[in-house]
Amino acid sequence: MEPAEYMKKALELAKTALGYTTPNPAVGCVIVKDGEIVGTGYHHKAGTPHAEVWALREAGERAKGATVYVTLEPCAHYGRTPPCARTLVEKGVGKVVMAMLDPNPLVAGKGAAILRKAGIAVEVGLMSKEAAQLNEVFIKNMMVQKPFIAIKLAQSLDGRTASRTGKSQWITNEWARSYGHYLRSIYDGILVGINTVLTDNPLLTSRIERPGQDAPHQPVRIVLDTKGRTPLNSLVVTDKTTQTIIVTTSLCPVEKMKALKEAGVRVILAPLQDGKTIYLPDALQLLHDEGLTSILVEGGSTVQGSFFDARLVDKIYAFMGDKVIGGTGALPSVGGCGVDELDECLPLVYDSAELHDNNVLITAYNANREGAYVHWHH
């Protein structure tokens, strides 16, 4: 096998635990001796051994002189576990190929330096684009200490999320909905607006089988509710599968805040913008303080509009069904104010377009997003 194939396997291993490792990165490791894979491992979740440790355990004595492929620079600090870079030195590996350096500017290059100092050959950059994409959440967190914001749109070909009479089931198909559940299982939080809660009373949990995992990682439910209108009998309040955070403002009656807290909901008070709506940048900072490293914004129209208007979008998953709804009164998937001039639009970089069962998924990034990985060269 070629080096790239070993790294690809390491990336696939890492991906099996995506969502579960938060706030740690998802990391995979493959150890190769004489052209044969002798050990594999991945980081399962925070507080458990790192990918390299699992792979070394499996490799045992055969790790000596072997080549180690790892999707991220081995750590150089003492956390809950000893630094992996030192462990690799102790086991006498021959070479370490890492896809990318640690995105934390204070740490980047330290693991590589420990290895090189011990006389181990180090290569950096094999499949770095794929590795950075796998850990785009962790990278943004490390670089700007803000949650990664992914927007999920489910719309007709003409960008509508409901007909003029408010009918929306179902614009996209079974495949798109099940992929949506997968997305819920890889992000820390899933966010909707109060209108979605009042109209659909959604459960907002992830209902999907993940290979290699007993149960899906459940995102924290987040409701933007400026005036505190979330009904106490709504599923986001009564269902205890996962935690619910309601972001509200001083416009919410104090009794309602108390009632929500008594029902087991976490209530966060965010500042107002123009005295009318939640000021999003501060709300997101408060959610980051709650330990949320990434948020999947599911809508509806008003909420999506507010994220685009505030330019707080990192990534977009746009699912398009095989329908044209039409009508000037039909709800657009992105509401809000919108732009006046076209050069004010968010600059997008399309990452992929896929066709599944006659539905389309387009994945795109905001070209100007904060905290994207740049290659460091030491």
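Residues numbered from 1 in each chain as written. Predicted model: local features only at pLDDT ≥ 70, side-chain atom pairs only at ≥ 80, totals over all residues. Heavy atoms only, no water.

## Section: the environment of Ala-176
Its place among the elements puts Ala-176 in helix α7 (residues 174-186). Expressed as a C-alpha distance, the spacing of Ala-176 and Met-127, which sit 49 residues apart in the sequence, is 28 Å. In contact with Ala-176, not counting residues within four places along its chain, are Phe-319 and Asn-359. (Helix = DSSP H or I, 4+ residues; strand = E, 2+ residues; numbered from the N terminus. Contact = heavy atoms within 4.5 Å.)

## Considering the pattern of salt bridges
Applying the stated criterion across every chain, the model contains eleven salt bridges. For Glu-12, the salt bridge is made with Lys-8, and the minimal N-O distance between the two is 3.6 Å. Of this pair, Glu-12 and Lys-8 both sit in helix α1 (residues 3-16), four residues apart, roughly one helical turn. The salt bridge involving Glu-298 is made with Arg-184; its shortest N-O contact spans 2.8 Å. (Salt bridge = Lys/Arg side-chain N within 4 Å of Asp/Glu carboxyl O.)

## Remarks on the sheet that holds strand β11 (residues 266-269)
Spatially, the nine strands line up as an open sheet ordered β11-β10-β9-β8-β14-β6-β15-β18-β17, and their pairing is mixed. Single-partner strands in this sheet number two, and they are β11 and β17 (348-356). Ignoring strand direction, the axes of neighbouring strands in this sheet form an average angle of 20°. Sheet topology places strand β8 (residues 189-193) next to strand β14 (residues 294-299); four bridges connect them, and they run parallel. Across the sheet, the residue bridging to Ile-190 is Leu-296, located in β14. Helix α10 (residues 254-262) contacts β10 (244-248) and β11 of the sheet and is inclined by roughly 145° relative to β11. (Pairing = 2+ DSSP bridges. Axes fitted to C-alpha atoms, helices over the stretch in contact; angles between N-to-C directions.)

## Regarding the UniProt feature "domain: CMP/dCMP-type deaminase" (unreviewed entry) in the protein
Taking the numbering used here, the UniProt-annotated feature "domain: CMP/dCMP-type deaminase" (unreviewed entry) corresponds to residues 1-123. Within the segment residues 1-123, helix and strand shares are 31% and 20% respectively, and the terminal C-alpha atoms sit 18 Å apart. (UniProt positions renumbered as here; feature names shortened; annotations may be inferred.)

## A closer look at a negative patch on the surface
Taken together, the side chains of Asp-340, Glu-341, Asp-343 and Glu-344 define an acidic patch exposed on the protein surface. Along the polypeptide, Glu-344 turns up in the loop between β16 (331-332) and β17. What makes Glu-344 partly exposed here is its relative accessible area of 30%. (Patch = residues over 30% accessible without salt bridge, like charges linked within 9 Å, V, L, I, M, F, W, Y side chains within 5 Å. Areas by Shrake-Rupley, 256 points an atom, 1.4 Å probe, with all protein chains shown as cover. Lys, Arg positive; Asp, Glu negative; His and termini not counted. Charge placed at Lys NZ, Arg CZ, Asp CG, Glu CD. Buried < 20%, exposed > 50% of the residue type's maximum accessible area, 1.4 Å probe, protein only.)

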